[in-house]
Amino acid sequence: MGGGGCCVGNCCVANCGFCCIGDFHSCGNCCVGNCGDKPISHKTAEEDHTAMINNELAEMRKRSATDAKKQEEDIITDTNESMTEFIKWIKEDVNKKKIGGKNLNINIDKIEELNKALEKKIVGFIGKRLDDKLVMTNSDVSTILAERDNAKRKKNFDEYYEARHREAIRELITEIETSVREQSAAIEREIQNRLNEINNNMAQETQAFEELKRIKAQEDSRLAEKQVEYMYYADLCDIMFNELKFSSLTVDR
């Protein structure tokens with residue numbers, strides 16, 4: 001009580017002004033008359049600051065989600081366009097080339113699988129890394145948001161966000177480079193496998209061709225022998241025929 005007579009029980013009556021100075025607890029949360037029967041707000045500056053930085057953090061996380069989604073979509077579009085052109089080149093150019101009379105026909109299924117795997121890695125990559133860094137449990141974030149100067153706090157928070165953003169992009173670039181190396185290795189393997197297959201087929205065909213040549217040579221040799229034999233018999237027949245003809249002429253005489 002003790003509020004200059006204007007505090008009754010636990011409430012202030014009428015427009016008592018500073019009637020509770022020196023006895024803040026006498027008024028409690030109740031005002032009558034000019035106070036509009038509303039509870040008195042005793043929100044502290046610390047509570048105001050906490051609410052403010054929570055809002056700033058929520059806005060920054062919202063901003064990061066929007067930025068990350070846009071960048072990830074742009075990166076996926078770029079990589080898909082490049083890969084589509086590359087696969088088209090393989091289908092329409094490389095695979096129609098002939099090596100030893102055979103089309104190269106590189107299997108592009110593995111290449112397409114790796115490209116889909118890369119796309120899955122990109123989706124959410126930047127956003128996830130930013131989300132992990134934009135939390136109050138992060139010591140850097142808590143230190144930045146503890147700053148009371150609004151302008152300085154905003155500047156520091158923006159700089160922190162940009163730095164973490166660049167880090168996330170660098171990590172994604174590393175992932176993409178790794179995936180591209182895997183795709184290049186897969187392409188190289190497919191080309192080498194196809195070349196080995198063609199070379200093996202050519203070797204088999206060459207072997208078969210050589211076998212045919214050998215058989216033909218043997219047959220030619222046999223034919224030559226037979227030809228000599230037949231020529232011998234033909235000559236022998238001619239001789240015998242001539243002998244018979246000569247003998248017949250002698251008898252007639």
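Residues numbered from 1 in each chain as written. Predicted model: local features only at pLDDT ≥ 70, side-chain atom pairs only at ≥ 80, totals over all residues. Heavy atoms only, no water.

*Asks:* Can you walk me through the overall build of the chain in this structure?
*Replies:* A tally of regular secondary structure across the chain gives five helices and five strands. For the chain, the residues scored as buried account for 24% of the 253 residues in total. Sequence-distant contacts, at least 24 apart, represent 59% of the contacts inside the chain between residues at least 6 apart. For the chain, the accessible surface area stands at approximately 17700 Å², while carbon and sulfur atoms represent 56% of it. (Helix = DSSP H or I, 4+ residues; strand = E, 2+ residues; numbered from the N terminus. Buried < 20%, exposed > 50% of the residue type's maximum accessible area, 1.4 Å probe, protein only. Contact = heavy atoms within 4.5 Å. Areas by Shrake-Rupley, 256 points an atom, 1.4 Å probe, with all protein chains shown as cover.)

*Asks:* Where do I start with the nonpolar core in this structure?
*Replies:* Generally speaking, a soluble globular protein has its nonpolar side chains buried in company with each other. Counting residues in each nonpolar core, the largest one holds 20 residues, and the members touching the most others are Leu 134 and Phe 157. Elements with a contribution of two residues or more to this core: helix H1 (45–92), helix H2 (109–122), helix H3 (125–133), helix H4 (139–145) and helix H5 (150–252). Those residues in contact with Phe 157 that sit more than four places away from it in its chain are Glu 56, Leu 57, Met 60, Leu 134, Ile 144 and Leu 145. Counting 10 residues, the second-largest nonpolar core is a separate cluster that includes Ile 87, Val 94, Ile 106 and Ile 198. (Core = buried A, V, L, I, M, F, W, Y, C linked by side-chain atoms within 4.5 Å.)

*Asks:* Just to check I follow, could you spell out the pattern of salt bridges for this structure?
*Replies:* Two side chains of opposite charge can pair, provided their charged atoms sit close to one another. Tallied over the entire structure, the rule returns 14 salt bridges. Residue Lys 69 is joined to Glu 73 by a salt bridge in which the shortest nitrogen-to-oxygen separation is 2.6 Å. A residue pair is termed a helical-turn pair when its members lie 3 or 4 positions apart in one helix, as Lys 69 and Glu 73 do in helix H1 at four residues. For Lys 133, the salt bridge is made with Glu 167, and the minimal N-O distance between the two is 3.7 Å. Of the two residues, Lys 133 is situated in helix H3 and Glu 167 in helix H5; the sequence distance between them amounts to 34 residues. (Salt bridge = Lys/Arg side-chain N within 4 Å of Asp/Glu carboxyl O.)

*Asks:* Is there a simple way to think about the side chain of His 165 in this case?
*Replies:* Within the fold, His 165 resides in helix H5. Setting aside chain neighbours within four positions, we find His 165 in contact with Asp 67, Gln 71, Ile 126 and Leu 130.

*Asks:* Sorry if this is basic, but what is going on with H2 here?
*Replies:* It helps to recall that an α-helix has 3.6 residues per turn; residues three or four apart then point in one direction. Taking 1.5 Å of rise per residue, the 14 residues of H2 would be expected to cover 20 Å, and the 20 Å separating its terminal C-alpha atoms lies within 8% of that figure. Buried residues of H2: Ile 111, Leu 114, Asn 115, Leu 118 and Ile 122, and no others. The arc that holds every buried residue of H2, seen down its axis, measures 100°, which confines them to one face. Across from the buried face of H2, at angles greater than 90 degrees, the exposed residues are Glu 113, Lys 116 and Lys 120. Remark: Gly 124 follows H2 within two positions and exhibits a positive phi of approximately 80°. (Expected span 1.5 Å × (residues − 1). Arc of directions from axis to C-beta.)

*Asks:* Can you walk me through empty space enclosed by the protein in this structure?
*Replies:* One way to see where empty space is left: roll a probe the size of a water molecule over the atoms. All told, the structure shown has one cavity of 30 Å³ or more when counted by the stated rule. Here the largest cavity defines a volume of roughly 30 Å³. If you go around the largest cavity, the residues you meet are Arg 129, Leu 130, Lys 133, Arg 164, Glu 167, Ala 168 and Glu 171. Elements represented by at least two residues in the lining of the largest cavity include exactly H3 and H5. Looking at which element gives the most residues to the lining of the largest cavity, the answer is H5, with four residues. Taken together, the residues of the lining of the largest cavity sort by class into two nonpolar, no polar and five charged. (1 Å grid on protein atoms, 1.4 Å probe; cavity = no way out; pocket = protein on both sides within 12 Å on 5 of 7 lines; lining within 4 Å. Points joined across faces, edges and corners; volume = space filled by probe spheres on them. Nonpolar A, V, L, I, M, F, W, Y, C, P; charged D, E, K, R; others polar.)

*Asks:* Before we go on, may I ask you to explain the side chain of Arg 164 in this structure?
*Replies:* One can find Arg 164 in helix H5. A distance of 2.8 Å separates the side chain of Arg 164 from the side chain of Glu 167, its partner in a polar contact. (Polar contact = N/O pair within 3.5 Å; in protein donor to acceptor, adjacent residues only side chain to side chain.)

*Asks:* What is the right way to look at the packing of H1 against H2 in this model?
*Replies:* In a pair of packed helices, the angle between the axes and the distance between the axes together describe the arrangement. Contact geometry for H1 and H2: axes closest at 10 Å, N-to-C directions at 175°. What the angle tells us is that H1 and H2 run roughly antiparallel. Taken together, the residues of H2 that come into contact with H1 (itself represented by Glu 72, Ile 75, Ile 76, Thr 79, Asn 80, Met 83, Ile 87, Ile 90 and Lys 91) are Ile 111, Glu 112, Asn 115, Glu 119 and Ile 122. (Axes fitted to C-alpha atoms, helices over the stretch in contact; angles between N-to-C directions. Parallel < 35°, antiparallel > 145°, perpendicular 65-115°, else oblique.)

*Asks:* Which parts of the structure should I look at to understand the packing of aromatic side chains?
*Replies:* The relative placement of two aromatic rings is captured by the distance of their centres and the angle of their planes. If you walk through the whole model with that rule in mind, you get one aromatic pair. Considering the side-chain rings of Phe 86 and Trp 89, the 5.9 Å spacing of their centres and the 40° angle between planes classify their relative orientation as tilted. Here Phe 86 pairs with Trp 89, and both are found in helix H1, just three residues apart, close to one helical turn. Judged by relative accessible area, Trp 89 falls into the partly exposed class, the value being 44%. (Phe/Tyr/Trp six-rings, centres within 6.5 Å; stacked < 30°, edge-to-face > 60°.)

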